[in-house]
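Next come the chains, spelled out residue by residue.
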Amino acid sequence: MGLFSLFTREIAIDLGTANTVILHDNKVVVDEPSIIAINSRTKSVAAVGKKALMMEGKTGEGGEIYTVRPLRNGVIADFQPTELMLREFIKMTNTKHSFITPAMKMIICIPSGITEVEERAVRESAEQAGAKEVRLIYEPMAAAIGSGIDVLGANGNMIIDIGGGTSEVAVIALGNIASKKSVQVAGDKLNSDIKDFMRREHNLDIGIPTAEQIKINVGAAITQLDNPPSDYEVYGRDLVHGIPRSVMINYQEIATALNNSINSIEDAVMQALNVTPPELSADIFKTGIYLAGGGSLLRGLDKRINKITQLPVHVVDDPLRAVARGTAIALKNIDKFESLTKY
Ligand SMILES: Nc1ncnc2c1ncn2[C@@H]1O[C@H](COP(=O)(O)OP(=O)(O)OP(=O)(O)O)[C@@H](O)[C@H]1O
Ligand SMILES: [Mg+2]
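1. As for the side chain of Ser112
By the secondary structure assignment, Ser112 is in the loop between strand 9 (103–110) and helix 4 (116–128). Accessibility expressed as a relative area gives 9% for Ser112, which makes it buried. A distance of 2.4 Å separates polar atoms of two side chains, one belonging to Ser112 and the other to Glu168. Beyond its immediate sequence surroundings of up to four residues, Ser112 is in contact with Tyr138, Pro140, Glu168 and Lys180.

Here it is as structure tokens:
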């Protein structure tokens, strides 16, 4: 360790709608849901991340503790809780006891469709949380780097990052985003589709954490899976009698419930392909499409995108961490990737 690194700490942050992932020295040091629990009486932080997630939907109205998911659709919706949450996450990266508080250099990824005001909010949150220097990188670029794509090469590649709040489609070549399309239909929308479906078809009221569990256990994008998951028992509140009840759910029902939202993601992919310059289209024809982000884990989504585009579709390694990994690689090799980041 050089003397310089004693006084500076470099961290890469994927501040996502659903999850925040932080890397330091090539290691994942934080991987937590983007949620904070606040004590309304003392105005202090009760918990962040996994601990706060356990409280979600259980705090009740008028209780002392409430939970907030401060990011929506990839951007900061609630400034102060974001800053508090980020501060706590950054504290978690500080494993060694040190007498010196190191200067923090941060690289944070931002959605490609972000406005200037939203961008400033990210920067200010990071500064308030202790950053001396903040660099930004666009998420699809980070996702591509983290997926092992040569983003600086002349060959065009298409990456789709399906997160909690946004699905971003981008074609990248020569260090540029040549075409892109972003829709606010991703994991969170799929959860609310499942919640609506349970109400409508089963008269069962469920919370978002339960919808998320349904998606993970029996979520699907197609009704014919080669390896179908077993049916799943869902617990909730009966809408007619108001008492607790359970019902068995199969993946085909969920595939039907998610159909409209998956259509919107497919439309975004088709629109991005339609505006891709022809030389890059030719490249994509050969290399296919890369799927990253937690949403890419939905059963059969790769098959469905393959069917509509007729292109090979690859789900990247460890898709939930691809963006964070790419952000960290950009930071570590800043000489090479400087032009892809901005102050
Ligand atoms: N096995 C799975 N099947 C389907 N969806 C999943 C699975 N695992 C995680 N997800 C979903 O992935 C989403 C989180 O992905 P990710 O961490 O990439 O999003 P994010 O980066 O926080 O969001 P964004 O990029 O939109 O700001 C959540 O909506 C989660 O429900
Ligand atoms: Mg993301």
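Resuming the write-up.
2. A look at the pattern of salt bridges
In the structure shown here, the tally under the stated rule is 19 salt bridges. The structure contains a network of salt bridges with shared partners spanning Lys195, Arg199, Asp205 and Arg237.

3. Observations regarding the side chain of His24
Structurally, His24 is set in strand 2 (residues 19–24). On the basis of relative accessible area, His24 is assigned to the buried category, the value being 18%. A distance of 3.0 Å separates the side chain of His24 from the backbone oxygen of Glu10, its partner in a polar contact.

4. Digging into the domain arrangement of the protein
What the domain assignment lists for the protein is domain 1 (3–34 + 69–142 + 323–342) and domain 2 (153–315). A separation of 26 Å is found between the C-alpha centroids of domain 1 and domain 2. Counting residues at the interface gives 13 residues for domain 1, matched by 14 residues for domain 2. Interface area, domain 1 with domain 2, both sides summed: about 1100 Å², of which 59% is carbon and sulfur. It is Asn73, Pro140 and Met141 that lose the most area in domain 1 upon contact with domain 2, and together they represent 48% of the buried surface on that side. Linking domain 1 to domain 2 there are zero salt bridges. Put simply, domain 1 and domain 2 have two residue pairs in polar contact (both at pLDDT 80 or more) between them. The element contributing the most residues to the side of domain 1 that touches domain 2 is helix 5 (residues 139–146), with three residues. In terms of residue class, the side of domain 1 that touches domain 2 is built from seven nonpolar, five polar and one charged.

5. Overview of the sheet that holds strand 5 (residues 45–48)
Taken together, the three strands give an open sheet; going across it, the order is 5-4-6, and neighbouring strands pair in antiparallel fashion. Where the open sheet ends on each side, the last strands, each with one partner, are strand 5 and strand 6 (65–68). Geometrically, the sheet is characterised by an average inter-axis angle of 20 degrees between neighbouring strands, direction not taken into account. Where strand 4 (residues 36–39) meets strand 6, four bridges bridge the pair, whose relative direction is antiparallel. Note on strand 6: the bridge partner recorded for Ile36 is Val68. Sitting on the sheet, helix 3 (residues 79–93) touches strand 4, strand 5 and strand 6, and the angle it makes with strand 5 is about 65 degrees.

6. A look at the pairing of strand 10 (residues 131–138)
With seven bridges joining them, strand 9 and strand 10 adopt parallel strand pairing. Directly across from Ile110, in strand 10, lies its bridge partner Tyr138. Of the crossover connections in this fold, the one passing from strand 9 over helix 4 to the parallel strand 10 is right-handed. In this sheet, strand 19 (residues 341–342) lies alongside strand 10 in antiparallel orientation, the contact comprising two bridges.

7. With respect to the packing of helix 6 (residues 187–202) against helix 8 (residues 251–274)
The axes of two packed helices give the description: the angle between them and the distance between them. Interhelical geometry of helix 6 versus helix 8 gives an angle of 130 degrees and a closest axis separation of 9 Å. The pairing of helix 6 with helix 8 is recorded here as oblique in orientation. Once helix 6 is placed against helix 8, the crossing between them reads as right-handed. Judged by residue contacts, Lys189, Leu190, Asp193, Ile194, Phe197 and His202 of helix 6 engage Glu253, Ile254, Ala257, Leu258, Ser261 and Ile262 from helix 8. Looking at the contact of helix 6 with helix 8 residue by residue, the class counts come to seven nonpolar, two polar and three charged.

8. Description of the nonpolar core
Ranked by size, the top nonpolar core spans 45 residues in total, and within it Met158 and Met198 carry the most contacts. Per-element tally for this core: the top contributor is helix 8, with eleven residues. Discounting residues that sit within four places of it in the chain, Met158 has contacts with Val169, Ala170, Val171, Val269, Ala272, Leu273, Ile284, Gly288, Ile289 and Tyr290. Grouped together as the second largest cluster of nonpolar side chains are 28 residues, Ile13, Leu15, Ile38 and Leu86 included.

9. Some points on the packing of helix 8 against helix 10 (residues 301–309)
Between helix 8 and helix 10, the shortest axis-to-axis distance is 11 Å and the interhelical angle comes to 50 degrees. On the basis of their axis angle, the class for helix 8 and helix 10 is oblique. For the pair helix 8 and helix 10, the sense of crossing is right-handed. Taking contact as the criterion, the partners of Asn259, Ile262, Asn263, Glu266, Val269, Met270 and Leu273 in helix 8 are, on helix 10, Leu301, Arg304, Ile308 and Thr309. Classifying every residue of the contact of helix 8 with helix 10 gives six nonpolar, three polar and two charged.

10. Some details on the environment of Ser339
With respect to the helices and strands, the residue Ser339 is situated in the loop between helix 12 (334–337) and strand 19. Separated by 164 residues in sequence, Ser339 and Gly175 have C-alpha atoms that sit 7.8 Å apart.

Reading guide: rules and limits
- Residues numbered from 1 in each chain as written.
- Chains lettered and ligands numbered in written order.
- Predicted model: local features only at pLDDT ≥ 70, side-chain atom pairs only at ≥ 80, totals over all residues.
- Heavy atoms only, no water.
- Helix = DSSP H or I, 4+ residues; strand = E, 2+ residues; numbered from the N terminus.
- Buried < 20%, exposed > 50% of the residue type's maximum accessible area, 1.4 Å probe, protein only.
- Polar contact = N/O pair within 3.5 Å; in protein donor to acceptor, adjacent residues only side chain to side chain.
- Contact = heavy atoms within 4.5 Å.
- Salt bridge = Lys/Arg side-chain N within 4 Å of Asp/Glu carboxyl O.
- Domains from an automatic or database assignment.
- Buried area = accessible area lost by both parts, 1.4 Å probe.
- Nonpolar A, V, L, I, M, F, W, Y, C, P; charged D, E, K, R; others polar.
- Pairing = 2+ DSSP bridges.
- Axes fitted to C-alpha atoms, helices over the stretch in contact; angles between N-to-C directions.
- Right-handed = clockwise from strand over helix to strand, strands pointing away.
- Parallel < 35°, antiparallel > 145°, perpendicular 65-115°, else oblique.
- Left-handed = near helix turned anticlockwise from the far one by under 90°.
- Core = buried A, V, L, I, M, F, W, Y, C linked by side-chain atoms within 4.5 Å.

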